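Coordinate analysis (summary)
Residues per chain, in single letters:
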Amino acid sequence: MVHAQNVEFELIRPAIVQAPSPRTSEDSNVPSPLPLDGRPSFGGFLRADSPAVSMASGQGSVPRSPIGEPPPIIRGKPGEPDSIEAHRTRELKWMSLISQVPASQARKNKKIKKLIMEGVPSSVRYLVWAHLTDSKARGMPGIYVQLGKRERVQAFQAIERDAQKCYPDQPQLQTSQGTLVALLQSYLTMVPDIHYETAGLAYIAGRLLILAPDEDAFWIFTSLMDLYLRPWFSVNTSQMEVDGSLFSKALEANDPPVAKKLYVDLGISQTAVCRPW
């Protein structure tokens with residue numbers, strides 16, 4: 001013990017790991033020599049910081065963890081993208097704006113545009129979709145159920161095939177009685193001028209159904225079609241012809257050989273090139 005300024009300090013002899021003693025023959029009765037301090041040597045078999053070495057040296061009865069102390073838990077600060085606080089803050093901002101900004105004005109609101117760029121939490125995403133598309137204004141109670149009772153549309157088998165292909169990890173969307181087939185069946189029954197050719201509609205409707213209840217997803221889908229997508233899926237191909245013409249001119253200006261191959265040599269129409277997209 002050492003005394004210094006009324007404080008006692010205990011000096012502890014550090015553990016010195018000795019080199020391993022020469023190994024004797026297995027059939028020899030001569031024991032291996034011990035180190036000079038009389039303690040067994042673990043050199044060559046254990047790390048210097050092994051808890052077994054610490055216990056054998058007599059420094060204490062509590063072994064030290066070989067992996068050290070656990071790292072401190074770092075909690076996310078408010079405002080960090082991945083923190084719970086930031087996620088909750090975005091949720092509250094969205095709920096506040098949804099209650100303050102009318103749905104008819106939401107798409108032009110600067111605050112909403114800024115929040116969209118920051119990301120929409122999945123917990124409120126379908127509510128945001130419904131608000132931005134103003135789907136409640138189009139929704140009519142009971143219509144979705146009535147549409148589901150009508151006869152199958154001509155594209156029913158194609159819808160079933162696309163439901164299985166587009167969402168293999170979502171069993172509730174795959175079957176003929178699933179929500180995806182039911183939604184598209186109801187929509188095509190209500191809007192007969194839509195021509196179902198590609199899986200594009202299945203991708204859009206399925207994504208809505210993953211987050212929204214069936215009927216809410218149906219009216220959001222209907223609003224999206226009316227606002228943005230319907231001309232490209234309509235039996236009337238005027239919009240597709242306009243886009244096909246613009247694309248062909250752009251292709252001729254940027255890559256004339258490819259344009260000649262498609263439109264002249266192979267005789268592919270402009271709309272046929274754009275429709276799968």
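Residues numbered from 1 in each chain as written. Predicted model: local features only at pLDDT ≥ 70, side-chain atom pairs only at ≥ 80, totals over all residues. Heavy atoms only, no water.

1. Thoughts on the overall build of the protein chain
Assigned secondary structure in the protein chain consists of 14 helices and two strands. For the protein chain, the proportion of its 277 residues judged to be buried stands at 30%. Of the contacts formed within the protein chain by residues at least 6 apart in sequence, a portion of 60% connects residues at least 24 apart. A total accessible area of about 18,900 Å² is found for the protein chain, and carbon and sulfur atoms account for 57% of it. (Helix = DSSP H or I, 4+ residues; strand = E, 2+ residues; numbered from the N terminus. Buried < 20%, exposed > 50% of the residue type's maximum accessible area, 1.4 Å probe, protein only. Contact = heavy atoms within 4.5 Å. Areas by Shrake-Rupley, 256 points an atom, 1.4 Å probe, with all protein chains shown as cover.)

2. Comments concerning helix 10 (residues 200-211)
Taken together, the buried positions of helix 10 are L201, A202, A205, G206, L208 and L209. In an axial view of helix 10, the angular spread of the buried residues amounts to 160°, which keeps them on one side of the axis. Of the surrounding secondary structure, the elements contacted by the buried residues of helix 10 are helix 4 (125-133), helix 7 (156-166), helix 8 (171-174), helix 9 (179-190) and helix 11 (214-233). (Arc of directions from axis to C-beta.)

3. Concerning the packing of aromatic side chains
Each aromatic ring pair is summarised here by two numbers: the centre-to-centre distance and the angle between the ring planes. Counting across every chain of the model gives four aromatic pairs. Ring plane angle 40° and centroid distance 4.8 Å describe the contact between Y144 and F218, whose orientation is recorded as tilted. Within this pair, whereas Y144 is found in helix 6 (residues 143-148), its partner F218 is found in helix 11, the two being separated by 74 residues in sequence. Given the relative accessible area of 0%, F218 is considered buried. Among the aromatic residues, ring-to-ring pairing joins Y144, F218 and W219 into one connected group. (Phe/Tyr/Trp six-rings, centres within 6.5 Å; stacked < 30°, edge-to-face > 60°.)

4. Topic: the pattern of salt bridges
Applying the stated rule across the entire model yields seven salt bridges. The salt bridge partner of E91 is R88, with a shortest N-O separation of 2.9 Å. Placement of the pair is E91 and R88 together in helix 2 (residues 84-100), with a separation of three residues, close to one helical turn. What makes E91 buried here is its relative accessible area of 11%. The salt bridge involving D265 is made with K260; its shortest N-O contact spans 3.2 Å. Judged by relative accessible area, K260 falls into the partly exposed class, the value being 45%. A single network of salt bridges, built from pairs that share partners, joins R138, D193, D226 and R230. (Salt bridge = Lys/Arg side-chain N within 4 Å of Asp/Glu carboxyl O.)

5. Points about the packing of helix 9 against helix 10
It is the contact of helix 9 with helix 10, at a shortest axis distance of 10 Å, that shows an interaxial angle of 120°. Considered as vectors, helix 9 and helix 10 are oriented oblique to each other. Relative to helix 10, the crossing made by helix 9 is right-handed. Contacts between helix 9 and helix 10 pair T179, L180, L183 and L184 from the former with L201, A202, A205, G206 and L209 from the latter. Here the contact of helix 9 with helix 10 is composed, by residue class, of seven nonpolar, two polar and no charged. (Axes fitted to C-alpha atoms, helices over the stretch in contact; angles between N-to-C directions. Parallel < 35°, antiparallel > 145°, perpendicular 65-115°, else oblique. Left-handed = near helix turned anticlockwise from the far one by under 90°. Nonpolar A, V, L, I, M, F, W, Y, C, P; charged D, E, K, R; others polar.)

6. Let's talk about the confidence of the model for the protein chain
A low pLDDT means the predicted coordinates there should not be read in detail. Counting all residues, the mean pLDDT for the protein chain is 78, and 70% of those residues have values of 70 or more. Element-level pLDDT for the protein chain is lowest in helix 1 (residues 51-56), with a mean of 37, against a maximum mean of 96 in helix 9. A low-confidence stretch, residues 19-76 stays under pLDDT 50, and its non-local contacts, those more than four residues away or across chains, total 40 contacts. (pLDDT = per-residue confidence, 0-100.)

7. A few points about the nonpolar core
L180, L183, L184, Y196 and F221 are the most contacted members of the largest nonpolar core, which totals 35 residues. Per-element accounting of this core gives the leading share, seven residues, to helix 11. In contact with L183, not counting residues within four places along its chain, are Y144, A205, L209, D214, A217, F218 and F221. Grouped together as the second largest cluster of nonpolar side chains are ten residues, V101, V124, V128 and L132 included. (Core = buried A, V, L, I, M, F, W, Y, C linked by side-chain atoms within 4.5 Å.)

8. What to know about the environment of L147
Structurally, the position occupied by L147 is in helix 6. For the pair L147 and S186, spaced 39 residues apart in sequence, the C-alpha separation works out to 5.0 Å. Residues contacting L147, with those up to four places away along its chain left out, are S186, T189, M190 and F218.

9. Describing the packing of helix 9 against helix 11
Across the interface, helix 9 lies against helix 11 with an axial gap of 10 Å and an inter-helix angle of 50°. Judged on the interaxial angle alone, helix 11 and helix 9 are oblique. In this structure, the crossing between helix 9 and helix 11 has a hand that is right-handed. Every residue of helix 11 that contacts helix 9 at T179, L183, L184, S186, Y187 and M190 is listed here: D214, A217, F218, F221, T222, M225, D226 and R230.

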